[in-house]
Amino acid sequence: ITATADGKSVTCTVKVGAVAESVVISAPQKKVAVGGTVTLTASVTPSDANQAIEWKSSDEKIATVVNGVVTGVKIGVCNITAKASGSSKEAVCKVIVTAPKVKLTKVKNVKKKSIQIKWKKIADVAGYQVSYGKKKKLTTANSIKIKKLKKKKKYAVKVRAYTVVDGKNVYGKWSKVKKVKIKK
């Protein structure tokens, strides 16, 4: 741009940066446990456009996001949006916040080839999956009695909580394994 006044002129060069055409996010869907974190990344195309990203959670009671680091707050589902700064271009990641790891409190051989399993109850879960040996059972209680086990055999027991998202069970992480030998 050149401006002329009273026989004098000044020239100024203005460089216009590229405009964001799209935003790409690292994953369309992620799972994170309550209290856990997962990191998302996003980039703007073309590469010479402003690469600054504005992150936003659709429900901060479910998950929060700061600079792409998503923290699970409460069991549920929300969307994390990565938006190109100064543009309307954005990408969305569906975040499923799962139950935290279950804490087993008791695994004991009780009478007649059976075991009693108890764990700490977790709020807002649909139920629990109990694994013993090669078998698995679902329950909504925070304890279960397993019968008809083989005498003198050792069983590894673990539990995990689950929630239901879009009609499907979404499982949290397994508890630590506790072993019990059937003596009675």
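Refer to the structure presented above.
Quantities reported herein were computed from a predicted structural model and do not represent experimental measurements.

Explain the packing of aromatic side chains to me, please; I cannot follow it from the model alone.
Each pair of aromatic rings is reported with the distance of its centres and the angle of its planes. All told, the structure shown has 2 aromatic pairs when counted by the stated rule. Geometrically, the ring pair formed by Tyr162 and Tyr171 is tilted, given 5.6 Å between the ring centres and 50 degrees between the ring planes. For Tyr162, a relative accessible area of 9% gives the class buried. Between Lys158 and the ring centre of Trp174, over which it is positioned, the NZ or CZ distance is 4.7 Å.

Could you clarify how one ought to interpret the sheet that holds strand E11 (residues 90-98) in this entry?
Where strands meet in a sheet, backbone hydrogen bonds hold them as pairs that are either parallel or antiparallel. Strands sit in the order E4-E11-E10-E7 across an open sheet of 4 strands; the sheet is mixed. Looking at which strands have only one partner, the edges of the open sheet turn out to be strand E4 (29-33) and strand E7 (53-57). Averaged over all pairs of adjacent strands, the angle between strand axes in this sheet comes to 25 degrees, irrespective of strand direction. Relative to E11, E4 runs parallel, the two sharing 5 bridges. The residue bridging Gln29 from the neighbouring strand is Lys94, located in E11.

Help me out: how do you make sense of a positive patch on the surface in this one?
Positive charge collects at one region of the surface, where Lys113, Lys151, Lys152, Lys154, Lys179, Lys181 and Lys183 lie side by side. Inspection of the secondary structure assignment puts Lys181 in strand E19 (residues 178-181).

What's the story with the sheet that holds strand E8 (residues 63-66) in this structure? I'm lost.
Pairing within the open sheet is antiparallel, and its 3 strands lie in the order E5-E9-E8. Where the open sheet ends on each side, the last strands, each with one partner, are strand E5 (37-39) and E8. Neighbour-to-neighbour, the strand axes of the sheet open up by a mean angle of 20 degrees, direction not taken into account. Two elements, E5 and strand E9 (residues 69-72), share 3 bridges in a ladder whose sense is antiparallel. Each bridged residue has a counterpart across the sheet, and for Thr39 the counterpart in E9 is Val69.

Reading the values: rules and limits
- Residues numbered from 1 in each chain as written.
- Predicted model: local features only at pLDDT ≥ 70, side-chain atom pairs only at ≥ 80, totals over all residues.
- Heavy atoms only, no water.
- Phe/Tyr/Trp six-rings, centres within 6.5 Å; stacked < 30°, edge-to-face > 60°.
- Buried < 20%, exposed > 50% of the residue type's maximum accessible area, 1.4 Å probe, protein only.
- Lys NZ or Arg CZ within 6 Å of the ring centre and 35° of its normal.
- Pairing = 2+ DSSP bridges.
- Helix = DSSP H or I, 4+ residues; strand = E, 2+ residues; numbered from the N terminus.
- Axes fitted to C-alpha atoms, helices over the stretch in contact; angles between N-to-C directions.
- Patch = residues over 30% accessible without salt bridge, like charges linked within 9 Å, V, L, I, M, F, W, Y side chains within 5 Å.
- Areas by Shrake-Rupley, 256 points an atom, 1.4 Å probe, with all protein chains shown as cover.
- Salt bridge = Lys/Arg side-chain N within 4 Å of Asp/Glu carboxyl O.
- Lys, Arg positive; Asp, Glu negative; His and termini not counted.
- Charge placed at Lys NZ, Arg CZ, Asp CG, Glu CD.

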